[in-house]
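One letter stands for each residue in the lines below.
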Amino acid sequence: MSSPSSPKSLCSVCGTLCSFSHLPSNVFSIAKLIPAGSLELNLKSDSVPPSFSKIAEDGWPPMHAPTLESLDILLEEFTRPLSFLIRHHFIFTTYYLHSAHVLKLRVYIVPYDLPGCQGRLSYRARSREVLNAGQTYMLMLLPLVSQEPENWHGGQVTPSAFFLDSSMDRRTLPEIYGALPSPSPQSFTTDSDSINRLLDYRDDLGGFGLHSTLLFYQRRSVAMMLQKESGRSPDVPNPLYVPLTDMNGKICHYQPGTTEFLKELYMVTPTQGGVLCEELGTGKTIMILTLILSTIKQLSSPENSFIDSRPVLTPLALRHFPSGDFASIREKFSPRKRASQSQIRVPSFRDILLHLLSSNPDISIPNTTTESGLRKYQRQEHFLELLESLPYDLWRKSNFPFYLHQDDDPTGHRISSRGQGYSAPRLLYLTSATLIVAPANLISQWDREILKHCEVVPRVLIIRSGTRLPSAKDLATLYDIILMPYNRFSDEDKRTDVKKLHSWKLCVCPEFPDSRVPKCTCRPPDVSSLLQVRWKRLVIDEGHVSASLSTRLTPFSKLLSVQHRWIVTGTPTTNLLGLSFGNKSSGGESGVPSHADLDLNVGGDTDVEMDAEVGIVERMDVDFEVEQRVEESVPEPLATESSSSFLTADPDSPSSSPTPLDVETPRIWNRLDRLDVEKLTSMVAHFVGMKLLADQQIVKSHILDALFDNKGPRPGAIQMLTHLMESVMIRHRIDDVEEEVVLPRLDHEHIYLSLSPLAAMSYNAFQASIAINAIDSERQDEDYMFHPRNSDALQTTVKNMSQLLFWSVDDRLYNIDELKKTNLEVLQDVNKRNIPQADIELAKESYMHIYIAAESPLWRSIQSSEDIPYLVHGINPMIFKSWSRLPDNTWVKGGLTTGYVHPDRLIRLRQLIIRNPLISVTKVTYLGEMASAKDLEHRKAYQEMVRRKEGKERKDRKSERSKLPKHIPVKQQDTHNSTGLFNSSKTAASSDTIKEMQQELQASLARLEMEEGVLDPSAIPSPNATQPSALLHSSVIAGVRVGSSASTKLNYIINDVLKYSEQEKFLIFSDSELTLAHIAEALQLVEVKFLRFSTQVPTRIREQTVLTFETSDVYRVFLMELKHGARGLNLVSASRVIFCEPVWQIDVESQAIKRAHRIGQTRPVKVKTLAISNTAEEKMLERRQILKQGGSKIPKLLEETEIRHFIANPRFILVNPDAKDPGLDIPLLRLPPAPQLPASTTNNSIDVTCSSPLKRRVRVMDPQESSGGSPPKKRTVRFAE
Ligand SMILES: [Zn+2]
Ligand SMILES: [Zn+2]
């Protein structure tokens, strides 16, 4: 044998006799490898430097596996990976002895596509074990490979550049999504077509047939879609690989999941469809309509095949035309029987015209703004009219375009003989129509939008539940748009036996008289007509709610023959609906996945496989139960105190962008991320039809493995995901859209209120404590609140003051009696301590206010419960005495007993009466006493618990505590001293509330899916279906009215809610959970449904809360802590925003407002900020305005001189008896209409839908009516209502 490499020569890479040994040595020539960089190895002192006999092409001796294994490397754990990688030809290395113990290695990566290896290095050729180990070792070594040129040449510097950049990309999927670039379609200079016209903003798109004027971003998106459909987008590098640069500055390609390296990357043809995922409210419908109009006459083209040619046929041409294609197809159908000569003759001009009109229509859209375009348009119209008036128009319509689809034989060669089954061709009608599948509730909306936007209305067919599909021929030829709801569409999966469509029979029906066009009366096979059409375009509208690509939709849509597939969605992954909420505080953030993540990631592999079959939707349902159960046991880490408003005055909020230091810890992708990525890949693979992802194994090894490594996404993984998303998604960044869109009006009003007399007493006592602290500490020693050492205490003080301005009661905050004592002492010491005259006056004034509060029995008794008391009128004195916690404080007003009652008591009392309308006063009184006793018991137990807890804490922090300055009103934020509010503040997180919310969510989703005119609306459970009993008129509290509460802010909010919540939804922000709890309780009292976005519930529930609020009409108010306001939540269903206290930081405020005032908002947005006059709140708004106008940077609240001065110099509030703040006056019981006529039953007048915006017109299309006798004329006739 004269082989250049004798069997004895060793392999040039591994240095052993391996299976590559016989290959010519130049196969592994260094020039063909990837010079990745260098590694440094330290040898143990007694290690013998390797001897060498050979020099590699780079001038250094090769480091073969046996040599390496003989070395004594200091870090032994490197020996095995390195030698493994060399032995298995993943890398080739050369070395240089830098000093006695320092070895420099040059690492060359052997690309998997190295020529001359007979493909044995390819990913598919290597064994799984080798690949797995190789992958582990590569991931271990590559991030250490230095790219410093000096190291490469044998020098020794600390590397700062590495081959594989392992710096962590901590972005979440929503963040990646939000950062995708806006579409930038290319205009083509060669020919003037729709794309060019769309991108020429001076062109008003005359001739497109649009009523509406498109915004520029909308035109760009349509142009991008057209560009994708045109197939003119240049091929792109396989998006599953990311480019890396080698030592020579050349690009190689790296697959983050498999660590595969390629030198040459094969290009992939971009999909001719994609995901239109513009933000909610950006006009996705009009974009799709423009896409349809600008291609309205374009026929679908036959599916490409490498095996046979697939000409566009018509019945006439197939039967009679003599040319090659037609003849050879005819021959295939009847190989033995040559068509009789009489049939074959040169077609007449009329025949050719008939064929061309059908198979090759004029698809141009004349630009009607130009003279010549207008003339052309008129010519086209005239020609159409002419055709329709001629007798042979029927021939033209019967001569429909189609092609014969022969399934490619998997063995690669065609079965030439005739046979049954799949080898026979199948007739597919070509069409210019677009099939749109949408949730049932959006069908009418599509219909309306078509009417609204289209100047020349397209021929639309709406197929609803229960209506039959027209024949495939009619579907393909009579319409421009076919609209179907999801369930009607997926009903078609009962008739999917496509085998029946494959046939060797040609139509032999007789021809029209005087014509050669067959008048076909063949019976169509019993297979869904949707499967007999080669669709030009399928649009799946995902509607409001993501994850609707249901199990049934997936398999059927895969069966359709479609040229361009589009998904229209505002939320391509479930988490994007409310956008990135939860991402800052989710378990993965800390670097330690939560239990839930860990548990659920186990067995993820089987999940993946199942999902491929099952789809994602069902999981959403499962999530409701399973996930809740799992997550409930995992407390969500509470977000660190953020600092955005008056309450917490540090502007360096943690929600601002992470500092470089944060980037060190990876963000581990959890199972919710996994659901999203799986949904995304499944959508792209099965709906958009990206062939690359059709193989579930590839999705797992190339994408999921790379992203869901338990150490965080592998280097390059997020880059790859970004490429993938970019390649199919069409979406503008919100900023780019908002540059063009004019949002509805935004009004921001500051509402100044005064304090109620009760609240004013508390406020003044609080001010007094500040005053006494100042005087007592002589404003300088460490006891002084404004001493620099006390900045934390000062913050808390300010926070407490803000709480007080809404409502706060706490005897530990300022023990009034102790305060009184201290104040007196100060006054007595005045002379001894040489206190300035101004302070003496201040001390006197303080004393007066403390005295007023201390001597008020009502004020003192109110301190016993943290709830806000409400004035109640017309209550029976006995009932009042037993149900109020303040029994000794009634007075008579207008002959009616009036006094304060706490809302939790009122709610319980009402519940009691609703259950037993005719219960007697005695019984109610008795039950009230029972309740009070129990209440007292609870409170005692609770206070005992708090005391013990605090005692313990005090012990724990004894030394720390003793440092606190005297008299500073510091209280623990997390302890409430009343059972009532303590319970109600938990309401947001209680499982009942969550369950109720979830039930409503499901009901509201069901309503959204409700088939119009088919499903009886009463079949859907209505949340308030129970009618109050008429007996309530006779109940003992029938006349009781609830008046104002002691919090003027709360009164204002409740008034506003009662006034507007029937028409509009509210978003209420506060920095205080306690304030939100007070509002929640008040809303319960006035029976307005609300949702609360709380840190007390798991992320998933929070997401559902947003979804419920946005989809359900039941919930009218959304309560949210301010710190969540900046999280990208989309709450556009709300058009009223209330801030319970001024927000100091302008950006925090505007972020919060943006939840409602953003793309998708259709109403003017009203924002109100509540502030108490003559307090720091008023000062704050005033200063902020001045600073804002001055354009200077706004300092931290407590560093702002004037605010600081204001707080440091307490002033007291005088109650203005004429203050006209809005009060409350509502009945405690909502009574049904009075039963005047005993016989009349009013029950049947319940109108569930009367106030529901979900009400829609009922219109059932009858296809018989439309596709029967007279088919609609081209684009001008609409179906009658
Ligand atoms: Zn070898
Ligand atoms: Zn026929």
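About the thresholds
- Residues numbered from 1 in each chain as written.
- Chains lettered and ligands numbered in written order.
- Predicted model: local features only at pLDDT ≥ 70, side-chain atom pairs only at ≥ 80, totals over all residues.
- Heavy atoms only, no water.
- Salt bridge = Lys/Arg side-chain N within 4 Å of Asp/Glu carboxyl O.
- Buried < 20%, exposed > 50% of the residue type's maximum accessible area, 1.4 Å probe, protein only.
- pLDDT = per-residue confidence, 0-100.
- Contact = heavy atoms within 4.5 Å.
- Helix = DSSP H or I, 4+ residues; strand = E, 2+ residues; numbered from the N terminus.
- Expected span 1.5 Å × (residues − 1).
- Bend = angle between axes of the 7 residues up to and from the residue.
- Donors = N, O, S within 2.8 Å, 3.2 Å for Na, K, Ca; no water.
- Tetrahedral: all angles 85-135°; square planar, octahedral: opposite > 155°, others 65-115°.
- Pairing = 2+ DSSP bridges.

**Quick look at the pattern of salt bridges**
One pass over the full model with this rule turns up 41 salt bridges. For aspartate 491, the salt bridge goes to lysine 494, with nearest N and O atoms at 3.7 Å. Looking at lysine 494, the relative accessible area reads 64%, which means it is exposed. It is possible to trace a salt-bridge network through shared partners that takes in Lys1179, Glu1182, Arg1183, Glu1200 and Glu1202.

**Thoughts on the confidence of the model for the protein chain**
Chain-level pLDDT for the protein chain is 77 on average; 78% of the residues reach the 70-or-more range. Counting contacts from residues 1-7, a segment whose pLDDT is below 50, to residues more than four positions away or on other chains yields 6 contacts. Taken together, the stretch residues 410-422 has pLDDT below 50 and engages in 17 contacts with residues farther than four places along the chain or on a different chain.

**As for helix α27 (residues 816-833)**
An α-helical turn contains 3.6 residues, so a residue and the one three or four places further along point in the same direction. Taking 1.5 Å of rise per residue, the 18 residues of α27 would be expected to cover 26 Å, and the 24 Å separating its terminal C-alpha atoms lies within 8% of that figure. Considering bend angle alone, the principal kink of α27 is centred on leucine 827 and spans about 30 degrees. What α27 keeps buried is the set Ile816, Leu819, Lys820, Thr822, Asn823, Val826 and Val830. Those residues of α27 that are buried lie in contact with α25 (757-776), α28 (837-854) and α29 (857-862). Phi turns positive, to about 55 degrees, at asparagine 834, one or two residues after α27.

**Some thoughts on the coordination of the zinc ion (ligand 2)**
For the zinc ion (ligand 2), the full set of protein donor atoms is Cys507 (SG), Cys509 (SG), Cys520 (SG) and Cys522 (SG), and the range of their distances to it is 2.1 to 2.3 Å. Each of the 4 donor atoms around the zinc ion (ligand 2) contributes to a set of angles spanning 101 to 120 degrees, which defines the coordination as tetrahedral. One chain supplies every donor for the zinc ion (ligand 2), spaced along it as C-x1-C-x10-C-x1-C.

**Remarks on helix α14 (residues 440-453)**
Under the 1.5 Å per step criterion, the end-to-end length of α14 is 21 Å for 14 residues, consistent within 8% with the ideal 20 Å. Burial within α14 is extensive, with 10 of its 14 residues counted as buried. Listing the buried residues of α14 in full gives Ala440, Asn441, Leu442, Ile443, Ser444, Trp446, Asp447, Glu449, Ile450 and His453.

**A few points about the sheet that holds strand β7 (residues 261-262)**
Strand pairing in a sheet takes place through backbone hydrogen bonds and is either antiparallel or parallel in direction. With respect to topology, 3 strands assemble into an open sheet ordered β5-β6-β7, the strand pairing being antiparallel. The two strands at the open ends of the sheet, each matched to only one other strand, are β5 (242-245) and β7. Across 4 bridges, the pairing between β5 and strand β6 (residues 251-254) is antiparallel. Following the sheet pairing, proline 243 is matched in β6 by histidine 253.

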